[in-house]
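What the coordinates show
These are the residues of each chain, in order.
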Amino acid sequence: MSKPQQTNLLDTVDARTKLAGSNKMEILLFSLGTREIFGINVFKVREVSQTPKITKTPNMPHGVEGVLSLRGNIIPVISLARFIATHEEPVGDTSSTMIVTEFSKHTQAFLVHDVDRIIRVDWDKVRAPETMLAGNQALITAITELPDGKLVSILDVEQILATVIGEPLIPELPPTQINPDTFMFFVDDSMVARKEIIGVLDKIGIKYHQANNGKEAWDKLQNLANRATHDSENLRDKLKLILVDAEMPEMDGYVLTKYIKSDHRFKGIPVVMHSSLSSNANRAMGASVGVDAYVAKFDALILADTLSPMLSSQG
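The structure contained in this document is the topic of the report that follows.

Parameters and conventions
Residues numbered from 1 in each chain as written. Predicted model: local features only at pLDDT ≥ 70, side-chain atom pairs only at ≥ 80, totals over all residues. Heavy atoms only, no water. Helix = DSSP H or I, 4+ residues; strand = E, 2+ residues; numbered from the N terminus. Buried < 20%, exposed > 50% of the residue type's maximum accessible area, 1.4 Å probe, protein only. Contact = heavy atoms within 4.5 Å. Areas by Shrake-Rupley, 256 points an atom, 1.4 Å probe, with all protein chains shown as cover. Phe/Tyr/Trp six-rings, centres within 6.5 Å; stacked < 30°, edge-to-face > 60°. Polar contact = N/O pair within 3.5 Å; in protein donor to acceptor, adjacent residues only side chain to side chain. Pairing = 2+ DSSP bridges. Core = buried A, V, L, I, M, F, W, Y, C linked by side-chain atoms within 4.5 Å. Salt bridge = Lys/Arg side-chain N within 4 Å of Asp/Glu carboxyl O.

Some thoughts on the overall build of the chain
If you tally the helices and strands in the chain, you get seven helices and 15 strands. Expressed as a percentage of its 315 residues, the buried residues of the chain come to 53%. Across the chain, every contact between residues at least 6 apart in sequence was considered, and the portion connecting residues at least 24 apart equals 67%. Approximately 14400 Å² of the chain is accessible, and the part contributed by carbon and sulfur atoms is 51%.

Below, the structure written as structure tokens:
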């Protein structure tokens with residue numbers, strides 16, 4: 001793709017707030033010099049360009065090619081080809097194009113062979129990866145299919161970033177004063193995010209149920225609600241809070257929140273969105289579907305500080 005095309009690529013994205021609650025996502029497709037197609041959520045992409053000169057620095061973590069200055073900020077440059085095992089030898093330069101990304105309060109550039117185009121897909125057409133993809137499974141969060149039958153592997157860029165800089169440490173956290181017979185529910189499709197959430201909840205002493213994608217979460221929440229109705233109980237007496245990820249296979253967090261907020265059985269149970277996408281636009285998207293709070297991922301202290309008062313106030 002030529003430089004002018006790269007520059008204008010992101011201009012083709014519709015107003016992103018229109019996607020809230022539509023159960024759709026936009027994916028930037030790219031290659032690593034093989035016939036395999038990879039994708040990244042457009043929400044995480046700041047810009048695409050030809051790779052400029054990279055400054056090599058000593059003692060860089062595995063996969064980091066160096067750093068570069070981008071509008072006054074020094075950012076790491078990560079070679080995706082170092083992380084992704086492909087089934088064939090790459091043809092050409094696997095680092096000629098740079099995708100600048102911003103998520104989890106970090107800005108970094110990913111080096112790829114080429115970018116293709118942006119596609120819009122329904123989240124219910126996005127599936128969790130099969131176990132046969134074992135070599136890359138920890139780095140691929142979902143699979144979707146193009147109209148021509150080709151598969152797109154959507155990268156778990158949070159996991160790649162955690163591999164480079166290390167997983168977030170969970171600090172000592174004070175326990176939350178809450179009825180021990182109560183619990184909260186969380187859903188996230190990222191393995192590194194689930195580990196952090198569990199670490200925080202264990203330290204503040206909250207019991208939990210969990211799910212790995214939005215569809216699974218809704219099914220489990222429905223089961224909890226049906227059981228409470230059967231037992232003539234008020235669900236909010238036991239389930240005190242629901243924590244949802246924004247991007248998830250099969251059903252995103254916006255649609256999941258809309259379902260929760262439109263079901264009277266969940267009335268009075270706060271929904272907190274926990275996302276690596278922390279821009280004002282994404283917060284506005286969360287607010288538009290009724291989330292009660294929005295917290296950026298991978299800051300254990302902020303997560304605990306957000307959840308604890310809400311859990312305590314719920315009794």
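What follows picks up the thread again.
Re the packing of aromatic side chains
Note on aromatic pairs: each is described by the distance of the centres and the angle between the planes. Scanning the model with the defined rule gives four aromatic pairs in all. Ring centres of phenylalanine 186 and tyrosine 208 lie 5.7 Å apart, and the angle between their planes is 50°; this geometry places the pair in the tilted category. Placement of phenylalanine 186 in strand E11 (residues 183–187) and of tyrosine 208 in strand E12 (residues 207–211) is noted, with a sequence separation of 22 residues between them. Pairing tryptophan 218 with tyrosine 259 gives two aromatic rings, centres 5.4 Å apart and planes at 50°, and the pair type is tilted. One end of the pair, tryptophan 218, is in helix H4 (residues 214–230); the other, tyrosine 259, is in helix H5 (residues 253–262), with 41 residues separating them in the sequence. Of the residues examined, tryptophan 218 reaches a relative accessible area of 14% and is grouped as buried. For tyrosine 259, a relative accessible area of 37% translates into the label partly exposed. Connected via pairs of aromatic rings, a cluster forms that spans Trp218, Tyr259 and Phe266.

A short note on the side chain of glutamate 247
Counting through the fold element by element, glutamate 247 comes out in the loop between strand E13 (239–244) and H5. By relative accessible area, which is 11% here, glutamate 247 ends up buried. At 2.5 Å, the side chain of glutamate 247 and the side chain of asparagine 41 are in polar contact. Here glutamate 247 is in contact with Asn41, Lys44, Trp123, Glu158, Asp189, Ser276 and Leu277, once residues within four sequence places are set aside.

Quick look at the side chain of threonine 176
Relative to the helices and strands, threonine 176 is located in the loop between helix H2 (157–165) and E11. Sequence-distant contacts of threonine 176, defined by excluding residues within four places in its chain, comprise Ile204, Ile206, Ser308, Leu311 and Ser312.

Focus: the pairing of strand E14 (residues 271–275)
Two faces, one strand: in a regular strand the side chains alternate between the faces of the sheet. Burial runs high along E14: five of the five residues are buried. In this sheet, E14 lies alongside E13 in parallel orientation, the contact comprising three bridges. Residue leucine 243 lies in a different strand from E14, and its bridge partner there is valine 272. Looking at chain direction, E14 and strand E15 (residues 293–296) are connected through four bridges and run parallel. Its bridge partner being in E15, serine 275 is matched across the sheet by alanine 296.

Description of the nonpolar core
One finds Phe185, Leu221, Leu239, Ile242, Leu256 and Phe266 to be the most contacted residues of the largest nonpolar core, which totals 31 residues. Of all the elements in the fold, those that place two or more residues in this core are E11, H4, E13, H5 and E14. No other element matches H4, which puts six residues into this core. Not counting chain neighbours up to four residues away, the residues in contact with leucine 221 comprise Phe185, Leu239, Ile242, Leu256, Ile260 and Phe266. Formed by 27 residues, the second largest nonpolar core is a distinct cluster that contains Ile40, Val42, Leu80 and Ile140.

Points about the pattern of salt bridges
Opposite charge on two side chains allows them to pair when their charged atoms are near. Applying the stated criterion across every chain yields a total of 16 salt bridges. In this structure, glutamate 247 engages lysine 44 in a salt bridge whose closest nitrogen and oxygen atoms are separated by 2.1 Å. Taken together, the residues glutamate 247 in the loop between E13 and H5 and lysine 44 in the loop between strand E2 (37–41) and strand E3 (45–50) connect sequence positions 203 residues apart. When its relative accessible area of 4% is taken as the criterion, lysine 44 is described as buried. The shortest N-O distance in the salt bridge between aspartate 292 and lysine 261 comes to 2.7 Å. Placement of aspartate 292 in the loop between helix H6 (280–288) and E15 and of lysine 261 in helix H5 is noted, with a sequence separation of 31 residues between them. We classify lysine 261 as partly exposed; its relative accessible area is 39%.

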